[in-house]
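# Descriptive structure summary
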Amino acid sequence: QVQLVESGGGLVQTGGSLRLSCVASGRTFSRYTMGWFRQAPGKEREFVAVITWGGGTTYDTGSVKGRFAISRDNAKSTVYLQMNSLKPEDTAIYYCAIAKAPMYVGRTPTAFDSWGQGTQVTVSS
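Residues numbered from 1 in each chain as written. Predicted model: local features only at pLDDT ≥ 70, side-chain atom pairs only at ≥ 80, totals over all residues. Heavy atoms only, no water.

### Some words on the pattern of salt bridges
Using the following cut-off: Take a side-chain nitrogen of Lys or Arg and a carboxyl oxygen of Asp or Glu: if they are within 4 Å of each other, that pair is a salt bridge. For the purposes of this entry, the term helix denotes a DSSP run of H or I that reaches at least four residues, the term strand denotes a run of E that reaches at least two, and both are numbered from the N terminus. Each residue is assigned to one of three classes by its accessible area relative to the maximum for its type, calculated with a 1.4 Å probe on protein chains only: buried under 20%, partly exposed between the two thresholds, exposed over 50%.
Applying the stated rule across the entire model yields 4 salt bridges. Note that Arg 67 and Asp 90 form a salt bridge whose closest N and O atoms lie 2.8 Å from each other. With Arg 67 in the loop between β6 (57-59) and β7 (68-73) and Asp 90 in the loop between β8 (78-83) and β9 (92-99), this pair connects stretches of sequence that are 23 residues apart. Like Arg 67, the residue Asp 90 is buried in the burial classification.

Right, dumping it as structure tokens:
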């Protein structure tokens, strides 16, 4: 059974930084694309970033590119999201997700079949 556990969220001031972590279990982590999504109150879940099994990365170009960085440590079965220069509009619940098949690449929610419980990120102005 796949399990994803996020951590690292919290309250931070505008311009601050946070690093989110997500530990995965139940699959051969190194073979799977991992993603980060977020959902703000009253809004749909949106794509933030993805990292493939090979380390290739893609970001939402409109809002986070240049400020956020996704990375992975296959030895620890962990994916990270480093968030810098945070803005109030980054406030959301952040979810990590694992792709639905080995070596599958996608950036829409349907490309992922297991999700963490989410971690709250709040950026104060």
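### Here's the deal with the nonpolar core
What counts, and what does not: Nonpolar cores are built from buried Ala, Val, Leu, Ile, Met, Phe, Trp, Tyr and Cys residues. Side-chain atoms within 4.5 Å join them into one set.
Ranked by internal contacts, the top residues of the largest apolar core, which has 27 residues, are Trp 36, Leu 81, Met 83 and Tyr 94. Residue assignment for this core shows that the elements contributing at least two residues are β3 (18-25), β4 (34-39), β5 (46-51), β7, β8, β9 and β11 (119-124). In this structure, Phe 37, Phe 47, Ala 99 and Ala 111 belong to the second largest nonpolar core, which totals 7 residues.

Read these as spatial facts, not as claims about activity.
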